[in-house]
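Read off the chains here:
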Amino acid sequence: MSVARRPLLIGVDGRSGAGKTQLVARLRHRLQERGHVVVVFSLDEIYPGWDGLAAGVKQYAHSILPQLTSGRPVQYRRWDWYARDPGAGVGGALGPAVTLPSGDIVLCEGVGATAAEARRWLDLAVWVEAPDRLRQRRALQRDGDTYRGHWQQWADQEEQLFHDSTGNGQRAPGHDVVVDTAEPCDTPDSKPDRPETNPGEPQRNAGSDEAVAMLVRRIEALLQG
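Keep in mind that this is a model prediction, so the values were computed, not measured. (Residues numbered from 1 in each chain as written. Predicted model: local features only at pLDDT ≥ 70, side-chain atom pairs only at ≥ 80, totals over all residues. Heavy atoms only, no water.)

Is there a simple way to think about the pairing of strand β1 (residues 8-13) in this case?
Regular strands place side chains that alternate from one sheet face to the opposite one. Most of β1 is tucked away, with six of its six residues classed as buried. Bridging between β1 and strand β5 (residues 105-109) involves five bridges; their strand directions are parallel. Looking across to β5, one finds that I10 is bridged to L107. Bridge analysis of β1 against strand β6 (residues 124-129) gives four bridges, and the strand direction is parallel. Of the residues in β6, the one forming a bridge with G11 is A125. (Buried < 20%, exposed > 50% of the residue type's maximum accessible area, 1.4 Å probe, protein only. Helix = DSSP H or I, 4+ residues; strand = E, 2+ residues; numbered from the N terminus. Pairing = 2+ DSSP bridges.)

So what exactly am I meant to see when it comes to the sheet that holds β5 here?
Within a beta sheet, neighbouring strands are joined by backbone hydrogen bonds and run either parallel or antiparallel to one another. Taken together, the five strands give an open sheet; going across it, the order is β2-β5-β1-β6-β7, and neighbouring strands pair in parallel fashion. In this open sheet, the two edge strands, each paired with only one partner strand, are β2 (38-42) and β7 (177-180). Recorded for the sheet is a direction-independent mean angle of 20° between the axes of neighbouring strands. Looking at chain direction, β6 and β7 are connected through four bridges and run parallel. What sits directly across from E129, in β7, is D180. (Axes fitted to C-alpha atoms, helices over the stretch in contact; angles between N-to-C directions.)

For this particular structure, what's the right way to read the packing of aromatic side chains?
Two numbers describe a pair of aromatic rings. These are the distance of the centres and the angle of the planes. The final tally for this structure, using the stated rule, is six aromatic pairs. An angle of 5° between the planes, with centres 6.3 Å apart, marks the rings of F41 and Y60 as stacked. Of the two residues, F41 sits in strand β2 while Y60 sits in helix α2 (residues 53-68), which places them 19 residues apart along the sequence. Residue Y60 is classed as buried on the basis of its relative accessible area of 0%. Ring geometry for Y47 and W154: centres 5.0 Å apart, planes at 70°, overall edge-to-face. Here Y47 is found in the loop between β2 and α2, whereas its partner W154 is found in helix α5 (residues 151-166), with 107 residues between them in sequence. Given the relative accessible area of 0%, Y47 is considered buried. W154 sits in the buried class, given a relative accessible area of 1%. Clustering of aromatic rings is evident, with ring pairs tying together Y47, W50, W81 and W154. (Phe/Tyr/Trp six-rings, centres within 6.5 Å; stacked < 30°, edge-to-face > 60°.)

Geometry only, nothing functional implied.
Below, the structure written as structure tokens:
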């Protein structure tokens, strides 16, 4: 009986609108072109609503990541952002179980993907950053008016998460790579599980070709041991 190989686990973190999803999409495409089996896990799928950052990170660090190390498919329940609480607008609810397939490389992206409690499982920790005003503009263009009313609510949770990690409200220390996505790149964004997302609308938020190429080199070096 063959033993499943542990996949390489890459965490891609950063505040909302930093460009994580775009960077991961480009990185996945480049790695697949080079023959790697790549799986993407988005923390957006497990945050339990607009107040759920800490809870989502806890589930990711203590349940999802340990299961991923087995090299076998992982089951979890996706948060349904479209579910509505009567009289309260978009509330959300747990949806049915979904299966994350196995792969040689798993790219875990989302706010808190490299949080301190998750770091021990990761082979590479990547931080994605951009100026605050640019991040906000991107996020609101991406998720529409639904996010507008929750922007500060989510930002406060980000502040608390990174404050708990560092004591100064900034990114957690010790990232292997920092990618600045302030330079524009008109490629489609994709956040299909957030309300009012238009995944086909171009957004200006991806890392440079040089950054993607550098990450590919780092990942392939890790694969080679």
